[in-house]
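Each chain, letter by letter, is given below.
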Amino acid sequence: MLSIGDRAQRFELPATDGQEHAFPADGRPTVVVFTCNHCPYALAWHDRIVQAAQDYDGADFVLVNPNDAERYPADSFDAMRERVEQDGGWPLPYLRDESQEVARAYGAKTTPDVFILDADGRLRYRGAPDPDYEDPSLNASWLREALDSVLEGEDPARPETDPVGCSVKWK
Amino acid sequence: MRVELLWWEGCPSYERALDDLRAALAEQGSDPDSIEVRHIDSDEQAERERFPGSPTIRIDGEDVVAPGDGDPIGLTCRVYRLRDGRSSPTPDPADLREAIRRVHALDR
């Protein structure tokens, strides 16, 4: 499980775009968000996270779905592909963590659960995207605030918040 | 009027749903402490209760927001649609009030 300051292991996972994506990125901050298809909290925050990915050229964003698809078919790789296709494509990769190895290595608890790594791959923020899933105007403010600090080479003022969402569905 | 709230601990929406339901009952002149709260903690219990996910609120046995035909039974989190179109872990309070009003009207 990653703690603030720990360096993340590099993983490579398949994405809905048919490519394998390695992360964290070399020499760039990376935002890793564990998320899924079936959780109402993940759905409520989704657009805000996508908007942040579009707004930050200086960082890589990846979405990772670790849920057990046997018990939760809405989170199968096929269902992930269908969702992205229905949306006409997403501006960030949606990765499948079938073995749940990545979620375990990070210590992901919920969907969503946000991890921000600096350019050295060290964890600088972990928690919720913003204080309230119900309020789109918050615009992933905690994520943005932490990422702004990381891009300026500073430690985020708020390195940890409580992740809020559905529990990760372990096998 | 029998009011049930069924929940599972994999979704943190239970307390919010209970608060909203209590407020809706009080607003409609019903006893907010009359809610039967039931914890669902196994697939077998979910099957037995025909539990489509957490939270599920039933009034006189009828779901306040009927699940879709294809929605599976089991330990999962429900996705509700608010009246403004947003996704939510809990029903729109207006849907709760409407369901309670409907039952009151039938009781008269």
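Refer to the preceding data block for the structure.
Okay, so let's go over this structure. All values derive from a computational prediction rather than experimental measurement.

Our next topic: the interface of chain A and chain B. With 10 residues of chain A at the contact, the number on the chain B side is 12 residues. For the side of chain A that touches chain B, the leading source of residues is helix α1 (residues 40-55) of chain A, giving four residues. In terms of residue class, the side of chain A that touches chain B is built from eight nonpolar, two polar and no charged.

All names here are of chain B. Strand order in the open sheet formed by four strands is β2-β1-β3-β4, with mixed pairing between adjacent strands. Taken across any chain shown, the strands that pair with only one partner, and hence form the sheet edges, are β2 (36-39) and β4 (62-63). Taken together, the two bridges between strand β3 (residues 56-59) and β4 define a ladder with antiparallel strand orientation. Each bridged residue has a counterpart across the sheet, and for Ile59 the counterpart in β4 is Glu62. The strands touched by helix α1 (residues 14-27) are β1 (3-7), β2 and β3; relative to β1, the strand with the most contacts, the crossing angle is about 170 degrees.

Let us now look at the packing of α1 of chain B against helix α3 (residues 93-107) of chain B. Residues and elements named next belong to chain B. Put simply, α1 and α3 touch, their axes get as near as 9 Å, and they point 45 degrees apart. Classified by the angle between their axes, α1 and α3 sit oblique to one another. Handedness of the α1/α3 crossing: right-handed. Across the interface between the two elements, Asp20, Leu21, Ala24, Leu25 and Glu27 from α1 touch Pro93, Leu96, Arg97 and Ile100 from α3. Partitioning the contact of α1 with α3 into residue classes produces six nonpolar, no polar and three charged.

Thresholds, definitions, all that
- Residues numbered from 1 in each chain as written.
- Chains lettered and ligands numbered in written order.
- Predicted model: local features only at pLDDT ≥ 70, side-chain atom pairs only at ≥ 80, totals over all residues.
- Contact = placed C-beta atoms within 7 Å.
- Helix = DSSP H or I, 4+ residues; strand = E, 2+ residues; numbered from the N terminus.
- Nonpolar A, V, L, I, M, F, W, Y, C, P; charged D, E, K, R; others polar.
- Pairing = 2+ DSSP bridges.
- Axes fitted to C-alpha atoms, helices over the stretch in contact; angles between N-to-C directions.
- Parallel < 35°, antiparallel > 145°, perpendicular 65-115°, else oblique.
- Left-handed = near helix turned anticlockwise from the far one by under 90°.

Just distances and angles here, no functional claims.
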